[in-house]
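Given next are the chains, with one letter for each unit.
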Amino acid sequence: MQSISFANGDEMPMVGLGTWKSPPGEVYKAVKTALEAGYRHVDCAPIYKNEHEVGNALRDSFDAGTASREDVWVTSKLWNDNHHPDNVRPALEQTLDDLQLDALDLYLIHWPVALTHGVDFPESPDDFVSPEEVPLTDTWAAMEALKEDGLVRHIGVSNFSVPTLQLILDEGEVRPEMNQVEMHPYLPQPDLVSFAKSQNIPITAYSPLGSGDRPDAMKADDEPTLMANPTINEIADAHGVSPAHVLLQWGLNRGTAVIPKSTTPAHIEDNLAAADLDLSTDELQTIDTLDQNYRYLAGAAWTMEGSPYTQADLWGE
Ligand code: 1BO
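Everything numeric here is computed off the predicted structure, so don't read it as measured data.

**Regarding unusual backbone geometry**
A negative phi angle is the norm for most residues apart from glycine, just as the trans form is the norm for most peptide bonds. In this structure, K21 takes a positive phi of about 80 degrees despite not being glycine. If you trace the backbone, K21 turns up in the loop between β3 (17–18) and α1 (27–37). According to the relative accessible area criterion, K21 is partly exposed, its value standing at 22%. Located in the positive-phi region is N159, a residue other than glycine, with phi close to 60 degrees. Position of N159 among the secondary structure elements: in the loop between β9 (152–158) and α5 (162–171). Exposure remark for N159: the relative accessible area of 1% places this residue in the buried category.

**A few points about the site of the ligand**
Neighbouring the ligand are the residues W20, Y48, H110 and L297. In the environment of the ligand, an oxygen atom lies 2.8 Å from a nitrogen or oxygen atom belonging to the side chain of H110.

**Overview of the environment of A103**
Its location among the elements puts A103 in the loop between α3 (85–99) and β6 (104–109). For the pair formed by A103 and H41, sequence separation is 62 residues and the distance between their alpha carbons is 15 Å. Ignoring any residue separated from it by four or fewer positions in sequence, one finds A103 in contact with R69, L96, G150 and L151.

**Looking at the packing of aromatic side chains**
Counted according to the given criterion, the structure contains nine aromatic pairs. Aromatic pair W79 and F121: ring centres 5.5 Å apart, planes at 55 degrees, arrangement tilted. With W79 in the loop between β5 (73–78) and α3 and F121 in the loop between β7 (114–115) and β8 (128–129), the pair connects residues that are 42 residues apart, well separated along the chain. Centre to centre, the rings of F128 and Y309 are 6.1 Å apart; their planes meet at 50 degrees, and the pair counts as tilted. You can see F128 sitting in strand β8 and its partner Y309 sitting in the loop between α10 (281–288) and α11 (311–315), a full 181 residues away along the chain.

**Some points on the sheet that holds strand β10 (residues 179–182)**
The strand order across the open sheet formed by eight strands is β3-β4-β5-β6-β9-β10-β11-β12, and the pairing between neighbours is parallel. Edge positions in the sheet fall to β3 and β12 (257–258), since each has one partner strand and no second. Across four bridges, the pairing between β5 and β6 is parallel. Bridging across to β6, L78 finds its partner in I109.

Rules of the game
Residues numbered from 1 in each chain as written. Predicted model: local features only at pLDDT ≥ 70, side-chain atom pairs only at ≥ 80, totals over all residues. Heavy atoms only, no water. Helix = DSSP H or I, 4+ residues; strand = E, 2+ residues; numbered from the N terminus. Buried < 20%, exposed > 50% of the residue type's maximum accessible area, 1.4 Å probe, protein only. Near = heavy atom within 4 Å. Polar contact = N/O pair within 3.5 Å; in protein donor to acceptor, adjacent residues only side chain to side chain. Contact = heavy atoms within 4.5 Å. Phe/Tyr/Trp six-rings, centres within 6.5 Å; stacked < 30°, edge-to-face > 60°. Pairing = 2+ DSSP bridges.

So this is what it looks like as structure tokens:
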């Protein structure tokens, strides 16, 4: 398995199991199946409301000898309502407790958006905390303290744009060691990829298959279905593989980690095998032409009328 190397010698496997939208009751089996299939990277977050069950699966897999803790890369994220520096350590401690771990491999600020403590998703402008009240740089300083104290081995961000990355690079003591963002052929974000590369910040692509399993309430009526794209399907047919293989290999080929979510054993195994697919330069270049700058997750909840955050703040566009 290809991996992303960190300055201290740590290696993060480039294919991980995503757990967003994996329901409690199914995620336990998904994590166990993934580790049995050879995955050594699991991506989690408290807002996915399933970390306790992921933790049970990790514990049982370690106890059964399927894998050892040292060999499995575990990422989790700080939710938006815990950006105040006083809340950062308790939030991590809750995640460690739920995952039944002593430390995380990677801890990310989930979004560059702060909410009132106790609010999962905003319902009114009162649910937001402005960047003036809790600057991202203060949250980052609290993340740095977690790393300093050995509770997390690496710290990074998620859903950050070039300007928000630059803010942390300018003001932080520790450079972000990851940016996890939505990324797939409809949203290849070449400028972000090239900036991150120039700053030696690796990227993890979430929703690499187009997030077709999102709740209907989160979907636009006219959104394009990435897995049904004719070009992707033609290339998949030519190789006798699934469209998911093609999409994942395209991401890996760009040097980005990918974290496809599945709770179906056959898909979990199939997604891992994408690492072995060889796509030609022509095929990769053809896929590059599918760019529509289309976000399945535009973060509309964060930019409602009256919010202190705008789409331009979020995406730097
Ligand atoms: C709301 C969660 C988005 C992906 O991590």
